[in-house]
Amino acid sequence: MKDCLQFLFKSTAEGVYAVDEHGKCIFFNQKASDLTGWQKEEVLGTQIHEIIHRCRKNGTIYPQEECEMLGVLHKKSAVRIEEDICIRRDGTFFPADYSAWPIIKEEETLGAVVLITDITGRLNTEESLRRHAEGLSFLSNTATKLLKSSTLSDQFKTTADFLYSVAEDAIIAFNEFDPGNRTLTIRELRCTDNEREILRRILGRNVEGLVFNFTEATRGRMIPGKLDLLEGGLYDLTFRQIPRSICDTLERELNIGDVFAMACAVEDDLLGTATILSHACGGFLRNKNLIESIVNQAALSLKRTRIENELNIRLAESERFAYTFSHELRTPLVTLKSFLGYLHHDIKEQNQMSIRDDLNRMENAVVKMSDLFDDLLELMKAGRKRNPLEKVMLKDIVDEALKLEEEAIKRQNVTIKTSGENISLIVDFPGMVEVFQNLINNAIKFMGSQPNPEIKIGAIKKGEETILYVKDNGIGIEPQYQHKIFDLFEKFHPEIAGTGTGLAIVKRIVEHHHGRIWVESEGKGSGTAFYFTVGHTSFP
């Protein structure tokens, strides 16, 4: 029996030791040695309390008489102690549970057996589960607050606050991406007052509102859904648009260690970025997964709000359109009704000349109605994803648009000058052809009495941005009308043919390409220049 017990205690996965009635160690199995670092020969015959039990979790030393494990020698009953500590040979300790049983023969206590269980793994699991539950609760709270934030501004502020609360004393910036301008603007900054003052002193301005040009090469360094370490530090974070010497000064004075960045995106739709500057004394971000989840939640919320804003804009446009269209349609309908009455009278009078005139006017009214409906259909299609985006040369787009307007160009004897044709665009090809065709057609119609009509088409590079243009030397646009030039059915020259939808269509197609369009003219007789951008451009 004794041999069986010896074998059992030696082979068990738990640490086991035994003491005599005085607390001296008489057995110490291999697992106990593995756990504590003490060899059996070093422990046998010693007071085991002084070896592995001499202090409590708070570090205070206590005598053997107060040792609960060895208290079974006097109580003569088993005891269970949970979440205590066991001291290793090197002075470190690990969390442990103990179970102790007295060895009793004929009512005499001969000693005790103590089982040691290392609970490090269990406590780590419990801590991980606790942190996971706290993280889920935090994310639930984050999602709720983001949903309650009705504006983009509120959502940027809320996200920055949440990031700052979990990023362990780091500097936080949450930035908005403008797909039209291809820029990134710092909307929210979270840091100490002292750090903010350092930034203001070195940069010479407030950080909020700082704008950086954003390139596809830059985006390639940021992984959607993942917080990424930027090896180049602040210099890479600012897209190398702030001198390296200033970035080095900022890193030194702010005690910056690691610089992290993350794209705030829903699939391929970039909405902004989150940047985290951890201090040299901190470094590793313990809540990295939680930070990534917050940014991903913010992306969904920002996307939802942008869609809602766009729908509200479209709804307002639809209401204006319905009113304007009904007004425009009323004119030819009134004409038809009036001349139908005249026609009945003239038929009765057999006035052939008046009958022909009535029919001509009615036909013109029908043609105008047809043109209105055709333009309505074009306007409804404009801006929709009718065709996949593809990489094409500007020359191919311009050539196709010029072919479509070839007859009008020859009739008006217009000189066409092109430049920047080697630029490549990632666009909806038919849609972009329609943009250039409408702008060329508009230029031809408003040449006036210009003896040497000329249209210039091309592209210019401005920083990281490529600006496309169509310029003419026609009648120009007076400043007071320029802000309304892209409105639906706006006609400043009623004597010139057209329904006033062409430029509204152009604007919608450009906006679909995440671009912007504007007009420049010094006024009457000075010509007009239309400038616009699209999301993706590159020179060879």
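Every value quoted in this text rests on a predicted model; they were computed, and no experiment measured them.

Basis of the calculations
- Residues numbered from 1 in each chain as written.
- Predicted model: local features only at pLDDT ≥ 70, side-chain atom pairs only at ≥ 80, totals over all residues.
- Heavy atoms only, no water.
- Phe/Tyr/Trp six-rings, centres within 6.5 Å; stacked < 30°, edge-to-face > 60°.
- Helix = DSSP H or I, 4+ residues; strand = E, 2+ residues; numbered from the N terminus.
- Buried < 20%, exposed > 50% of the residue type's maximum accessible area, 1.4 Å probe, protein only.
- Lys NZ or Arg CZ within 6 Å of the ring centre and 35° of its normal.
- Axes fitted to C-alpha atoms, helices over the stretch in contact; angles between N-to-C directions.
- Left-handed = near helix turned anticlockwise from the far one by under 90°.
- Contact = heavy atoms within 4.5 Å.
- pLDDT = per-residue confidence, 0-100.
- Pairing = 2+ DSSP bridges.

Applying the stated rule across the entire model yields 5 aromatic pairs. Note on phenylalanine 212 and phenylalanine 239: the rings are 5.7 Å apart at their centroids and 75° apart in plane angle, and the pair reads as edge-to-face. On the criterion of sequence distance, the pair formed by phenylalanine 212 in strand S8 (residues 211-213) and phenylalanine 239 in the loop between helix H10 (233-237) and helix H11 (244-253) is long-range, its members being 27 residues apart. The pair formed by phenylalanine 212 and phenylalanine 239 is uniform in burial state, with each residue classed as buried. In textbook terms, an aromatic cluster arises when at least three aromatic residues are bridged by ring pairs, as seen for Tyr469, Trp518 and Tyr531. Here the basic side chain of lysine 471 rests over the ring of tyrosine 469, its NZ or CZ set 4.6 Å away from the ring centre.

A word on the packing of helix H16 (residues 429-445) against helix H17 (residues 502-512). H17 packs onto H16 with a crossing angle of 150° between their chain directions and a minimal axis gap of 9 Å. At the point where H16 passes H17, the crossing takes the left-handed sense. Residue-level inspection shows Gly431, Glu434, Val435, Asn438, Leu439 and Asn442 of H16 in contact with H17, the latter providing Gly502, Leu503, Ile505, Val506, Ile509 and Val510.

This part takes up the confidence of the model for the protein. With 81% of its residues at a pLDDT of 70 or more, the protein has an overall mean of 81. For the protein, per-element mean pLDDT is lowest for strand S19 (residues 537-538), which scores 48, and highest for helix H2 (residues 30-36), which scores 93.

Moving on: the sheet that holds strand S13 (residues 415-418). Strand order in this open sheet of 5 strands is S13-S15-S16-S18-S17, and the pairing throughout is mixed. Each edge of the open sheet is held by one strand with a lone partner, namely S13 and strand S17 (517-520). Taken pair by pair, the neighbouring strands of this sheet meet at an average axis angle of 20°, ignoring direction. Sheet topology places S13 next to strand S15 (residues 454-462); 4 bridges connect them, and they run parallel. Its bridge partner being in S15, isoleucine 416 is matched across the sheet by isoleucine 455.

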